[in-house]
Amino acid sequence: ALQDESGLDEKLRSIGNEVSISSRNILLLTTVDLKASLKRLEEHLHIVACKKYREIYKKVKRTRDRVPRTVKKLQVRCHFKMGFYAELYNDQILALSHYKS
């Protein structure tokens with residue numbers, strides 16, 4: 001089984017090189033150990049989602065920095081969005097600070 005895995009890893013790397021995809025972006029799901037494969041998929045998707053939510057958080061923060069402080073409704077909206085996205089990428093302390101401001 002270990003020999004098959006090393007051959008499979010090499011095959012995946014080869015396929016990835018042919019289509020210009022990094023091997024770290026290829027996730028192998030097997031039916032041999034379906035629970036472990038699904039757990040790896042879940043972990044991978046969680047990491048990707050958290051990165052995306054951080055990117056969106058930073059974008060909203062840049063937008064908030066351009067909004068004049070006299071426009072309270074937009075400031076409140078930006079703080080709410082920032083709190084929401086911080087909560088999605090599991091930073092509850094940061095989210096709470098935005099909800100309170």
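Small disclaimer: the values here were computed from a predicted structure and weren't measured.

### Let's talk about helix H2 (residues 34-66)
Taking 1.5 Å per residue as the helical rise, H2 with its 33 residues ought to reach 48 Å, and the 48 Å between its terminal C-alpha atoms agrees with that figure. Looking at H2, one finds that the buried residues are Ser37, Cys50, Tyr57, Val60 and Arg64. Against the buried residues of H2 lie helix H3 (72-88) and helix H4 (92-100).

### Remarks on H3
Its 17 residues place the ends of H3 24 Å apart at the C-alpha level, agreeing with the 24 Å of an ideal helix rising 1.5 Å per residue. Burial in H3 covers these residues: Gln75, Cys78, His79, Met82, Gly83, Tyr85 and Ala86. Against the buried residues of H3 lie H2 and H4. Immediately downstream of H3, the backbone of asparagine 90 shows phi near 65°, a positive value.

### Brief notes about a nonpolar patch on the surface
Together, Phe80, Phe84, Leu96 and Tyr99 make up a nonpolar patch on the protein surface, roughly 390 Å² of accessible area in all. Of all the secondary structure elements, the ones that give two or more residues to the nonpolar patch are H3 and H4. On the basis of relative accessible area, tyrosine 99 is assigned to the partly exposed category, the value being 33%.

### Observations concerning unusual backbone geometry
Phi at serine 20 takes a positive value of approximately 60°, unusual for a residue other than glycine. Mapped onto the secondary structure, serine 20 falls in the loop between helix H1 (2-18) and H2. Backbone geometry at asparagine 90 places phi at a positive 65°, although glycine is not the residue there.

### Considerations on the packing of aromatic side chains
Overall, the coordinates contain four aromatic pairs when judged by the stated rule. A ring pair is formed by phenylalanine 80 and tyrosine 99, whose centres lie 5.7 Å apart and whose planes are at 45°; its orientation type is tilted. Taken together, the residues phenylalanine 80 in helix H3 and tyrosine 99 in helix H4 connect sequence positions 19 residues apart. Each ring, one from phenylalanine 84 and one from tyrosine 85, has its centre 5.4 Å from the other, and the planes form 70°; the classification is edge-to-face.

Parameters and conventions
Residues numbered from 1 in each chain as written. Predicted model: local features only at pLDDT ≥ 70, side-chain atom pairs only at ≥ 80, totals over all residues. Heavy atoms only, no water. Helix = DSSP H or I, 4+ residues; strand = E, 2+ residues; numbered from the N terminus. Expected span 1.5 Å × (residues − 1). Buried < 20%, exposed > 50% of the residue type's maximum accessible area, 1.4 Å probe, protein only. Contact = heavy atoms within 4.5 Å. Patch = residues over 30% accessible without salt bridge, like charges linked within 9 Å, V, L, I, M, F, W, Y side chains within 5 Å. Areas by Shrake-Rupley, 256 points an atom, 1.4 Å probe, with all protein chains shown as cover. Salt bridge = Lys/Arg side-chain N within 4 Å of Asp/Glu carboxyl O. Phe/Tyr/Trp six-rings, centres within 6.5 Å; stacked < 30°, edge-to-face > 60°.

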